[in-house]
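# Summary of the model geometry
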Amino acid sequence: MERIFLFLYHYRAFFTFLVLQLFCSWLIVENNQYQGASFFNSSNSFVANINGFSQNVSEYFSLREVNEMLAEENTRLRKSLEERNRSFSDLVLGGHTDSTIIKRFDFVTAKVVNNSVSRFTNFITINKGSNEGIEAGMAVISPQGVVGKVKMTSDHFSVVTSVLNIDIMISGVMKRTGYFGTIQWDGDNAEFTRLNFIPRHVDPQPGDTIITSGYSGIFPEGILIGTIAEKNLRDGAPFYDLKVKFSQDFRKLTYVAVVKSNLLPELDSLEQKIPDLQR
């Protein structure tokens, strides 16, 4: 405390000058209309800039919470859309509404905590596991499209086999023509995959949308996979060579939804009775 008083005493002339300067400035602003208006305009602009900067900082640090809320909302909307589509299809077909069919899929939102895109067999780690009911074999999607399948789980985490993995295959449909084939990555470019087994009599076109077929019972029908970027047909080849651009940029993958197919055990149990139908 003594040092503070010594400091103030030592610089008493400077502090006196500073107080007088501030007092003079106040008198000028208070008694002159032009200077007063200029001062208040400048001070308002300065305060507005400070407030704007503070708001931007606050919004930046709240982005994570906002993203989580949006991911949860996307999951709820996707589930509602799936239930509505099932109800509508049943109404069109003239049948009765089966609540089990309507609630065929449930969704669990998760955050990506690890992701690889540069290998031949890429995997993704998410922050939800068996405690949330996630099991191996479940589909994983994002708001932009398909992501992969759950490979293994722990209590709080799951490892997902990405579609950027040469060992994973997904049934895909050309939305325009209705012809289906198999989506399988060739290990070349993280932005593109291949659609195989589209016969030569079909007429695929660049820009055609590719969606999930729903045949496996794992992925819901109609999930976006991508669009045809290139097509080639070699002489005598029975199938097209189709290059598909992924709808999801896997380098920007942040939030996903794990799809829980409630009727998959029943489907598997039935198909296992016929070996030729086993997936």
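Quantities reported herein were computed from a predicted structural model and do not represent experimental measurements.

## Observations concerning the overall build of the protein chain
- Helices and strands together make up the secondary structure of the protein chain, namely 6 helices and 12 strands.
- Within the protein chain, the fraction of its 279 residues that count as buried is 32%.
- Contacts in the protein chain between residues far apart in sequence, at least 24 positions, make up 57% of those at least 6 positions apart.
- Total accessible area on the protein chain stands at roughly 18,000 Å², and carbon and sulfur atoms take up 56% of it.

## Thoughts on the side chain of threonine 193
- The topology assignment puts threonine 193 in strand 8 (residues 192-196).
- Of the residues examined, threonine 193 reaches a relative accessible area of 1% and is grouped as buried.
- Reaching out from threonine 193, the side chain makes a polar contact with the backbone nitrogen of tryptophan 185 at a distance of 3.4 Å.
- When neighbours within four sequence positions are excluded, threonine 193 is seen to be in contact with Ile183, Gln184, Trp185, Leu242, Lys243, Val244 and Phe246.

## Here's the deal with the nonpolar core
- With 42 residues, the main nonpolar core has Ile126, Leu195, Ile210, Val256 and Val258 as its most contacted residues.
- Ranked by residue count, the leading element in this core is strand 1 (residues 105-115), at 5 residues.
- Those residues in contact with isoleucine 126 that sit more than four places away from it in its chain are Ala110, Lys111, Val112, Val113, His156, Phe157, Ser158, Val160, Val256 and Val258.

## Examining the sheet that holds strand 12 (residues 255-261)
- Spatially, 1-2-5-4-3-12 is the arrangement adopted by the 6 strands of the closed barrel, whose pairing is antiparallel. Each adjacent strand pair in this sheet contributes to an overall mean axis angle of 45 degrees, direction not counted.
- Relative to strand 12, strand 1 runs antiparallel, the two sharing 7 bridges. Of the residues in strand 12, the one forming a bridge with phenylalanine 105 is serine 261.

## Side note on empty space enclosed by the protein
- In the structure shown here, the tally under the stated rule is 1 cavity of 30 Å³ or more.
- Around the largest cavity, the lining residues are Asp186, Asp188, Asn189, Phe192, Arg194 and Lys243.
- For the lining of the largest cavity, the per-class residue count stands at 1 nonpolar, 1 polar and 4 charged.

## As for the pattern of salt bridges
- The full count for this structure, using the stated rule, is 5 salt bridges.
- For arginine 194, the salt bridge goes to aspartate 186, with nearest N and O atoms at 3.1 Å.
- Using a relative accessible area of 34% as the deciding quantity, one classes aspartate 186 as partly exposed.
- One salt bridge in this structure joins aspartate 203 and lysine 231, with 3.6 Å as the shortest N-O distance. Remark: lysine 231 occurs in strand 10 (residues 224-232) and aspartate 203 occurs in the loop between strand 8 and strand 9 (209-212); sequence separation between them is 28 residues.
- For aspartate 203, a relative accessible area of 43% puts it in the partly exposed group.

## Concerning the pairing of strand 11 (residues 241-246)
- By the bridge criterion, 4 bridges tie strand 8 to strand 11 in an arrangement that is antiparallel. Bridging across to strand 11, threonine 193 finds its partner in valine 244.
- One ladder, built from 6 bridges, connects strand 10 with strand 11; its direction is antiparallel. Following the sheet pairing, threonine 227 is matched in strand 11 by lysine 245.

## Here we look at the packing of aromatic side chains
- Scanning the entire structure with this criterion turns up 3 aromatic pairs.
- Measuring from ring centre to ring centre gives 5.1 Å for phenylalanine 180 and tyrosine 215, while their planes differ by 90 degrees; the resulting arrangement is edge-to-face. Of this pair, phenylalanine 180 sits in strand 7 (residues 180-184) while tyrosine 215 sits in the loop between strand 9 and strand 10; the two residues are 35 residues apart in sequence, bridging distant segments of the chain.
- Taken together, a centroid distance of 5.3 Å and an interplanar angle of 80 degrees make the contact between phenylalanine 246 and phenylalanine 250 edge-to-face.
- Seen from the ring of tyrosine 255, lysine 111 lies directly overhead, with NZ or CZ sitting 5.9 Å from the centre.
- The cationic tip of lysine 245 hangs over the ring face of phenylalanine 192; the distance from NZ or CZ to the ring centre is 5.1 Å.

## So, the sheet that holds strand 10
- As summarised here, the arrangement of the 6 strands in space is 6-7-8-11-10-9, forming a closed barrel in which the pairing is antiparallel. Pairs of neighbouring strands in the sheet enclose a mean axial angle of 40 degrees, with direction left out of account.
- Taken together, the 3 bridges between strand 6 (residues 170-174) and strand 9 define a ladder with antiparallel strand orientation. What sits directly across from methionine 174, in strand 9, is isoleucine 210.

Conventions and cut-offs
- The residue count restarts for each chain, going from 1 along the sequence in the order it is written.
- Thresholds applied to this predicted model are a pLDDT of at least 70 for local features of residues and 80 or more for the giving and counting of side-chain atom pairs; totals over whole chains, interfaces and linings are not thresholded and use all residues.
- Hydrogens and water are ignored here; the side-chain numbers use all heavy atoms of the structure.
- Each helix is a run of H or I in the DSSP string that is no shorter than four residues. Each strand is a run of E no shorter than two, and both are numbered from the N terminus.
- For every residue, the accessible area (1.4 Å probe, protein chains only) is compared with the maximum for its type, and the residue is labelled buried under 20%, exposed over 50%, or partly exposed between those bounds.
- Contact definition: two residues touch when any of their heavy atoms are within 4.5 Å.
- For the accessible areas, the method is Shrake-Rupley and the probe is 1.4 Å, while residue cover comes only from the protein chains on display.
- In protein, a polar contact requires one atom able to donate a hydrogen and another able to accept it; more generally it is a pair of N or O atoms within 3.5 Å, and residues adjacent in sequence count only if both atoms are side-chain atoms.
- What is meant by a nonpolar core is a set of buried Ala, Val, Leu, Ile, Met, Phe, Trp, Tyr and Cys residues, joined one to another through side-chain atoms within 4.5 Å.
- When DSSP finds at least two bridges between two strands, those strands are taken to pair.
- Axes, fitted as lines to C-alpha atoms, cover a helix only where it is in contact. Angles between the N-to-C directions of the axes lie from 0 to 180 degrees.
- Here the term cavity refers to a set of points on a 1 Å grid, laid over the protein atoms alone, in which a 1.4 Å probe fits but cannot get out; the term pocket refers to an open set having protein on both sides within 12 Å along at least five of seven lines, with lining residues being those that place an atom within 4 Å of a point.
- Grid points are joined across faces, edges and corners, and a volume is the space filled by probe spheres set on the points.
- Under the scheme applied, nonpolar residues are Ala, Val, Leu, Ile, Met, Phe, Trp, Tyr, Cys and Pro; charged residues are Asp, Glu, Lys and Arg; polar residues are all the others, including Gly.
- Basic side-chain nitrogens of Lys or Arg form a salt bridge, by our definition, when they fall within 4 Å of a carboxyl oxygen of Asp or Glu.
- Here the aromatic set is Phe, Tyr and Trp, taking the six-membered ring for Trp, and pairing holds for ring centres within 6.5 Å; pairs whose planes are under 30 degrees apart are stacked, those over 60 apart are edge-to-face, and all others are tilted.
- Ring-over charges, as used throughout, are those where CZ of Arg or NZ of Lys falls within 6 Å of the ring centre and within 35 degrees of the ring normal.

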